[in-house]
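# Residue-level structural notes
Chain by chain, the residues run as shown.
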Amino acid sequence: MSQSLHLFTPSTRSPNLASSPSKQCYPYQKPSFPILTRRFPVTTVKLSIRASSSSDLDPTSSQVVLASDNGKGVVGGVLIPAMQPPPSQDSGSIEVDAVTEAELKENGFRSTRRTKLVCTIGPATSGFDQLEALAVGGMNVARINMCHGTREWHRDVIERVRRLNEEKGYAVAIMMDTEGSEIHMGDLGGASSAKAEDGEIWTFSVRAFDSALPAHTVNVNYDGFAEDVKVGDELLVDGGMVRFDVIEKIGPDVKCQCTDPGLMLPRANLTFWRDGSLVRERNAMLPTISSKDWLDIDFGIAEGVDFIAISFVKSAEVINHLKSYIAARARDGDIAVIAKIESIDSLKNLEEIIQASDGAMVARGDLGAQIPLEQVPAAQQKIVQVCRQLNKPVIVASQLLESMIEYPTPTRAEVADVSEAVRQRADALMLSGESAMGQYPEKALTVLRSVSLRIERWWREEKRHEVMELPDIGTSFSDNISEEICNSAAKMANNLEVDALFVYTKTGHMASLLSRCRPDCPIFAFTATTSVRRRLNLQWGLIPFRLSFSDDMESNLNKTFSLLKARNLIKSGDLVIAVSDMLQSIQVMNVP
Ligand SMILES: Nc1ncnc2c1ncn2[C@@H]1O[C@H](COP(=O)(O)OP(=O)(O)O)[C@@H](O)[C@H]1O
Ligand SMILES: C=C(OP(=O)(O)O)C(=O)O
Ligand SMILES: [K+]
Ligand SMILES: [Mg+2]
């Protein structure tokens, strides 16, 4: 579709680029369109193209690619006609997360962490100081789980995170996770856990108890429970952490005998199995988003959370429905919708669910209760891969450091599991009980951080990243240009071993396309809106900055360089590649 390749070279007698544009600009094939060589200083490229009313450019429809060899090298796909509005005249400041800034200064940007970290906030971490300790420890996203606690409790947490961001300069995003309408136990009458011993008889009841729960009794949230289970079924708490056999049904009470002892946590998930298979007919009839979830979603929208994670997604339809609901209500930009992949149905409809969502979570806790445990690693690998191909961020969640709920060091197996998720280059890792109610939340976060850093470095040094086929995903020609630019820029960044990629992005899309390529260097993403910046926190390798910028790249770059240099974040001589979604350009340059 490109109609010409425009080349700007100081001397037409030694036009290096002109003589080998196919090698320098497009390594894959010789262009099938004319190459027009001009003598212009690069700073006037935009002007000269605009002024060019000559026959080789149709000012309303020409697509051209520009290249220059005068030191700065501009390559880009531009649509000719639109007159650019004058650059905005803001005085300009730059905002970056205080922790990231410290990390960048300490380690230099090559060794900043690429894998993002999500912490579930619970009683162990809900205080201001505890939240700050997590922010300092590298928490990029705070997750609140609406399965637990009251809305007031969660509102207080959100308020504290916001205050932390404002007062101390962090940029922690907030993810609200819905309860979903699967079957789970009640809250154990206030106890933090209950131990079921081998052979004990427990009562699972749908009765509402006015006073304290009788001993060895658990409430079940789903009214049809006593009808649906059969004597002889196996009842699994939390995907098999504790197991019971159903031995008797008495009205609303189901008597069960413990066969695998263990600790039951409040509101733990319940599944029942018959003849070796999960009984899921009834679950399939429950709505993905319950009436309580809709109230929680309204709460999340009112509070302006950054992400809403939907539990037990079965189809793309529910995601589309929720997204239009949010679009009609959210005031400050939109809220990203994360599909939790934790059921057999979600695996069946994986591609279409992920396509409809803004990201996904490998929710291994419930997933491992619905498919045999030995199938979970393959499912994880597949989900991570599909997300990367469709350019959606993916979180690997549950039991990454489960033993650290009680102990200050992880098991070797847990470290290996974390390493595998980092090696798969998932966007983010998540702590659940480890940070919500464990004894060592900060230590657990430190383990995620240091394992991520070490594995990322190891794989960069070994150049061991397997190449993943990244299909075209754009639906418009302009989208295709953005993808090509990002793929090329990431490849150039690796080949030239640049220090950083810079991306100027309004919606964050261009930044995510770069992240999708998983380049060796970090990606500095500059965006004008705080909400976009917070959302970019979830994506692999992105260091989001808030910066007002114009569509004059030259002035954006100069401004960024001076602001970053003033803060000692870059220095003269650093090599960067800059891309932008306003001009759809690539520039390679040394920081002046
Ligand atoms: N807001 C909260 N209030 C009280 N306890 C919580 C809260 N959030 C999480 N927890 C505790 O942390 C545990 C782990 O959290 P998470 O993995 O998010 O939930 P679940 O175990 O329900 O899947 C929960 O089982 C619960 O005991
Ligand atoms: C993350 C999960 O969801 P939740 O903690 O809400 O059950 C999971 O099941 O792994
Ligand atoms: K949940
Ligand atoms: Mg779950």
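Residues numbered from 1 in each chain as written. Chains lettered and ligands numbered in written order. Predicted model: local features only at pLDDT ≥ 70, side-chain atom pairs only at ≥ 80, totals over all residues. Heavy atoms only, no water.

The protein carries the name Pyruvate kinase in an unreviewed UniProt entry, which gives Juglans regia as its organism. Turning to the protein, the UniProt annotation filed under Subunit (unreviewed entry) states: "Oligomer of alpha and beta subunits." The UniProt entry for the protein carries the following comment under Catalytic activity (unreviewed entry): "pyruvate + ATP = phosphoenolpyruvate + ADP + H(+)". (UniProt positions renumbered as here; feature names shortened; annotations may be inferred.)

### Some details on helix α9 (residues 291–303)
Think of an α-helix as turning once every 3.6 residues; residues three or four places apart then point the same way. In a regular helix each residue adds 1.5 Å, so 13 residues correspond to 18 Å; α9 covers 19 Å between its end C-alpha atoms and thus fits that length. Where the residues of α9 are buried, they touch α6 (151–168), β8 (173–177), β18 (307–310) and α10 (316–329). Of the residues trailing α9, G304 is marked for its positive phi of about 70°. (Helix = DSSP H or I, 4+ residues; strand = E, 2+ residues; numbered from the N terminus. Expected span 1.5 Å × (residues − 1). Contact = heavy atoms within 4.5 Å.)

### Examining the coordination of the potassium ion (ligand 3)
Coordination of the potassium ion (ligand 3) by the protein comes from N145 (OD1), D177 (OD) and T178 (O), over a distance range of 2.7 to 3.1 Å. In the primary structure, the donors to the potassium ion (ligand 3) are separated according to the pattern N-x31-D-T. (Donors = N, O, S within 2.8 Å, 3.2 Å for Na, K, Ca; no water.)

### A closer look at the coordination of the magnesium ion (ligand 4)
Those donors, E342 (OE) and D366 (OD), are the protein atoms that reach the magnesium ion (ligand 4), and they lie 1.9 to 2.1 Å from it. The distance between the magnesium ion (ligand 4) and the potassium ion (ligand 3) is 5.4 Å. Of the two residues, E342 sits in the loop between β19 (336–341) and α11 (344–348) while D366 sits in helix α13 (residues 364–370), which places them 24 residues apart along the sequence. Each of the two residues, E342 as well as D366, counts as buried. (Buried < 20%, exposed > 50% of the residue type's maximum accessible area, 1.4 Å probe, protein only.)

### Brief notes about the site of ligand 2
What surrounds ligand 2 is the set R143, N145, K340, E342, M361, A363, R364, G365, D366, S398 and M430. One of the backbone nitrogen or oxygen atoms of A363 is found 3.4 Å away from an oxygen atom of ligand 2. One of the backbone nitrogen or oxygen atoms of R364 is found 3.3 Å away from an oxygen atom of ligand 2. Here ligand 2 loses 85% of its free accessible area of 290 Å² to cover by the protein chains. Broken down by secondary-structure element, the contributors of at least two residues to the shell around ligand 2 are β7 (141–145), β20 (359–363) and α13. The element that contributes the greatest number of residues to the shell around ligand 2 is α13, accounting for 3 residues. Looking at side-chain class alone, the shell around ligand 2 contains 3 nonpolar, 3 polar and 5 charged residues. (Near = heavy atom within 4 Å. Polar contact = N/O pair within 3.5 Å; in protein donor to acceptor, adjacent residues only side chain to side chain. Areas by Shrake-Rupley, 256 points an atom, 1.4 Å probe, with all protein chains shown as cover. Nonpolar A, V, L, I, M, F, W, Y, C, P; charged D, E, K, R; others polar.)

### Describing the side chain of D574
Position of D574 among the secondary structure elements: in the loop between α21 (553–566) and β26 (575–580). Here D574 is in contact with F109, D499, M589, N590 and V591, once residues within four sequence places are set aside.

### Overview of empty space enclosed by the protein
Applying the stated rule across the entire model yields 5 cavities of 30 Å³ or more. What lines the largest cavity is a set of 17 residues, among which D97, T100, R113, K116 and N140 lie closest to the centre. Among the secondary structure elements, those contributing two or more residues to the lining of the largest cavity are α4 (98–107) and β25 (542–547). Among the residues forming the lining of the largest cavity, the class breakdown is 7 nonpolar, 5 polar and 5 charged. Structurally, the lining of the largest cavity is a two-domain feature, drawing no fewer than three residues from each of domain 2 (94–99 + 473–590) and domain 3 (104–182 + 286–461). (1 Å grid on protein atoms, 1.4 Å probe; cavity = no way out; pocket = protein on both sides within 12 Å on 5 of 7 lines; lining within 4 Å. Points joined across faces, edges and corners; volume = space filled by probe spheres on them. Domains from an automatic or database assignment.)

### Comments concerning the site of ligand 1
In the vicinity of ligand 1 lie 14 residues, with R143, N145, H148, S432 and M437 positioned nearest. In the model, an oxygen atom of ligand 1 is placed 2.7 Å from a nitrogen or oxygen of the R143 side chain. Separating an oxygen atom of ligand 1 from a side-chain N or O atom of N145 is a distance of 2.7 Å. Expressed as a share of its isolated accessible area of 530 Å², the protein-covered part of ligand 1 is 81%. Mapped by element, the contributors of at least two residues to the shell around ligand 1 are β7, α6 and α16 (433–436). In the shell around ligand 1, the residues fall into 6 nonpolar, 7 polar and 1 charged.

### Side note on the pattern of salt bridges
Applying the stated criterion across every chain, the model contains 29 salt bridges. With a closest N to O distance of 2.9 Å, D177 and K340 form a salt bridge. Linking D177 in strand β8 with K340 in strand β19, this pair joins segments that are 163 residues apart in sequence. E342 is the partner of K340 in a salt bridge, and the nearest nitrogen-oxygen pair spans 3.6 Å. By relative accessible area, K340 is classed as buried at 6%. Salt bridges linked by common partners bring R151, E179, R267, K292 and D296 together as one network. (Salt bridge = Lys/Arg side-chain N within 4 Å of Asp/Glu carboxyl O.)

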